[in-house]
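Commentary on secondary and tertiary structure
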Amino acid sequence: MRIHGKVVVIAVCFGVFLLLYFLGGNAADDPLLKEVVDEEEEQESKSSPSHPELGRDVAAKFAKKPPAGVGVRAEEPLKRRKQGRASNRGAGVNAKSKPRSNVARPMFKRTRAEEVMHLAVVACGNRLDETLTMVKSALLFSLKRITFHIFAEDPLAPQFKERLNQWPRSISAKFQYRIYPITFSVGNADEWKKLFKPCAAQRLFLPVILKDVDSLLYVDTDVLFLRPMDDIWSLLKSFNSTQLAAMAPEHEVPKIGWYSRFARHPFYGVTGVNSGVMLMNLTRIRSTMFKNSMIPSGLSWEDLLHPLYQKYKNHITWGDQDLLNIIFHYNPECLFIFPCQWNYRPDHCMYGSNCKGAEEEGVSILHGNRGVYHDDKQPAFKVVYDAISDFPFEDNMFQSLFYPIQTKFLDTVNTLCGRIPQVFLKQIEKTMRKVFEDKVVRYVRPHK
């Protein structure tokens, strides 16, 4: 009997031991208990800064994954318990430390900083409204944010600020602007200012003034965007290793081009280039030594401007544009030529349609030189300008912009440029459809 009694006692003790063992193992894996252990070990490691390795070892010992198939308890009671314990021991814990949590935090990919496009314009005299209409056309269709660099005479600066600050918030969120005085870093300022048109020579000094800008699109005040500025901005990626600026030819037909018939100075290529729309990599311009007919070793952009003007000032007609043609005559490898639809002028239609790119794709950028926005010599240009100028922000583009242009074009079909309406309307209609799809269609498309 004694032997049997001992066997029974041993068996009972062994069973109790196994029961305690299994209960202890499951409790150690319980999420709530594990949280308490983690926090206690965290507090111990903070109270013993001289032994950080010990704290990490203890934490690693207890940091086990819950076994597969074991349900996880609701997080809200756990959160309340943690907040209660944190408030009770708040005096002894660093205020900057945060309670640890088993809840997985979402992972976010680091996105590249949003690319901002830079556009420069020079406004003097009575060019306020014309400049604002150009800015408006750029904002209506463009996708990326734009920083406008506006060089203006002193009386115009406060007027630009007042008018731009009146635009609706939905539009002002798409751009920022900086206003600069008219300045010339070399030579006689009064002489530069009177070169060709008032202040036009300012564009020559943009690489010198805008030292913190890498790339830039310069346009004249009489330019209108009929498609996103993003599209011409993307041409910067088409530059090869030596190219640092891009312009369109002055003319498409040499026998009726001005430079090929009348120029008394060197010019680029066969017909010269027009500087009313000029895309520039300013970083490359600032770091390049330009070949010329004066100094065999070459000159930097800033050092080249004044001696070049002094040499040719009695032979140039179109001022700063002529100087640019001379520079790129000696440095043709530095220039990228984009097609005529990116700088479409009356010359492309008043002597017959001679811009094939515009006939195929439509006008991308309209350049109303010769004052055609403000007289009746080429009413097709004036129709587009008036429609954009009068368009109320946030109105329906088809109803308040495209249809008025289309309707008023009927009155111009008997004029030299109005007889090819598809050239003016094709690209702007395509652009508006894309804007409509981006802003409207995607919001009503059923969710999959």
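Cut-off values and rules
- Every residue gets a number counted from 1 within its own chain, in the order that chain's sequence is written.
- Local features in this predicted model are restricted to residues of pLDDT 70 or higher, and side-chain atom pairs are both shown and tallied only at a pLDDT of 80 or more, whereas totals for entire chains, interfaces and linings draw on every residue.
- The side-chain numbers reported here are obtained from all heavy atoms of the structure, hydrogens and water having been left aside.
- A helix here means a DSSP run of H or I that spans at least four residues, while a strand means a run of E at least two residues long, and both kinds are numbered starting from the N terminus.
- Note on exposure labels: buried denotes an accessible area under 20% of the residue type's maximum, exposed denotes more than 50%, and partly exposed covers the range between, all computed with a 1.4 Å probe on protein chains only.
- Residue contacts are defined here by distance: any two heavy atoms, one from each residue, within 4.5 Å place the two residues in contact.
- DSSP-based pairing: two strands are paired if at least 2 bridges between them are found.
- Fitted lines through C-alpha atoms serve as axes, helices being fitted only where they are in contact, and the angles separating the N-to-C directions of these axes extend from 0 to 180 degrees.
- Residues grouped as a nonpolar core are buried Ala, Val, Leu, Ile, Met, Phe, Trp, Tyr and Cys residues, joined through side-chain atoms within 4.5 Å.
- The split into domains, and so the bounds of each, comes from an automatic or database assignment of domains.
- Here, a salt bridge means any Lys or Arg side-chain nitrogen found within 4 Å of an Asp or Glu carboxyl oxygen.
- Put simply, angles under 35 degrees are roughly parallel, angles over 145 are roughly antiparallel, angles from 65 to 115 are roughly perpendicular, and the rest are oblique.
- The hand of a helix crossing depends on one turn: near helix anticlockwise from the far one by less than a right angle means left-handed, and clockwise means right-handed.
- Amino acid classes used here: Ala, Val, Leu, Ile, Met, Phe, Trp, Tyr, Cys and Pro are nonpolar; Asp, Glu, Lys and Arg are charged; the rest, including Gly, are polar.
- We call two N or O atoms a polar contact when they sit within 3.5 Å, provided that within protein one can donate a hydrogen and the other can accept it, with sequence-adjacent residues counted only if both atoms are side-chain atoms.
- The criterion for a disulfide is a pair of cysteine sulfur atoms lying within 2.5 Å.
- Confidence of the predictor at the level of single residues is captured by pLDDT, which takes values from 0 to 100.

As a further point, take the overall build of the chain. From N to C terminus, the chain includes 18 helices and 9 strands. Across the 448 residues in the chain, those meeting the buried criterion constitute 44%. Long-range contacts, defined as pairs at least 24 residues apart, comprise 73% of the intrachain contacts of the chain with a sequence gap of at least 6.

Moving on, we get to the sheet that holds strand β8 (residues 335-337). Across the sheet, 7 strands lie side by side as β3-β2-β1-β4-β7-β6-β8; this open sheet has mixed pairing. In the strand order of this sheet, the two ends are held by β3 (175-180) and β8, each with one partner. Each strand axis lies, on average, 25° off the axis of its neighbour in the sheet, ignoring direction. Contacts from helix α5 (residues 128-141) reach β1 (116-123), β2 (145-152), β3 and β4 (215-219), with the element oriented near 170° to β2. Each of β1, β2 and β3 is contacted by helix α6 (residues 157-164), which is oriented at about 170° to β3, the strand it contacts most.

We now examine the nonpolar core. Here is a general trend for soluble globular proteins: nonpolar side chains tend to be buried in one another's company. Counting residues in each nonpolar core, the largest one holds 74 residues, and the members touching the most others are L217, F225, Y344, L366 and F424. It is α5 that contributes the most residues to this core, 8 residues altogether. Counting contributing residues, this core receives three or more from each of domain 1 (117-338) and domain 2 (346-444). Among all residues touching L217, those that are not within four sequence positions of it are H118, L119, A120, F225, M229, I232, W233, V277, M278 and L279. Listed in part, the 44 residues of the second largest apolar core include Y180, C199, C334 and L335.

A few words on unusual backbone geometry. One non-glycine residue, R370, lies in positive phi territory at about 70°. On the basis of relative accessible area, R370 is assigned to the partly exposed category, the value being 47%. Even without a glycine there, the phi angle at E394 is positive, about 75°. The topology assignment puts E394 in the loop between α16 (379-390) and α17 (397-409).

Further remarks concern the pattern of salt bridges. All chains considered together, the criterion is met by 15 salt bridges. Between E130 and R127 there is a salt bridge, with its nearest N and O atoms 2.5 Å apart. Here R227 and D231 are joined by a salt bridge, their closest N and O atoms 2.9 Å apart. Judged by its relative accessible area of 14%, R227 falls in the buried class.

Note that Q427 resides in helix α18 (residues 421-444). With near-sequence residues (within four places) excluded, Q427 lies in contact with L226, R227, E361, G362, V363 and S364.

Running from N to C, α16 and α17 cross one another at 155°; their axes reach a closest spacing of 9 Å. In terms of orientation, α16 and α17 fall into the roughly antiparallel class. You can see that α16 and α17 cross each other, and the crossing is right-handed. Counting all contacts with α16, which are made through A380, V383, V384, A387 and I388, the residues of α17 involved are L401, I405, K408 and F409. Among the residues making up the contact of α16 with α17, the classes are represented as 8 nonpolar, no polar and 1 charged.

With that out of the way, let us pick up the environment of H329. Among the secondary structure elements, H329 is positioned in helix α14 (residues 320-330). Along the chain, H329 and Y268 lie 61 residues apart, while their C-alpha atoms are 4.4 Å from each other. Dropping the residues within four chain positions of it, H329 is found in contact with P266, F267 and Y268. A polar contact of 3.0 Å, which involves the side chain of H329, links it to the backbone oxygen of F267.

Quick look at the state of the cysteines now. Per the stated rule, a full pass over the model turns up 3 disulfides. Here C349 pairs with C417 through a disulfide, and the sulfurs are 1.9 Å apart. The disulfide joining C349 to C417 has a torsion of about 85° about its S-S bond and is therefore right-handed. Note that C349 is positioned in the loop between β8 and α15 (356-361) and C417 in the loop between α17 and α18, a separation of 68 residues in sequence. When the cysteines engaged in disulfides are numbered in sequence order, the chain pairs them as 1-2, 3-5, 4-6.

Quick look at the confidence of the model for the chain now. Fine structural detail should not be taken from predicted coordinates in areas where pLDDT scores are low. In the predicted model, the chain carries a mean pLDDT of 81, and 72% of its residues have values of at least 70. Taken as a whole, residues 26-111 scores under 50 in pLDDT and shows 37 contacts with residues more than four places along the chain or in a different chain.

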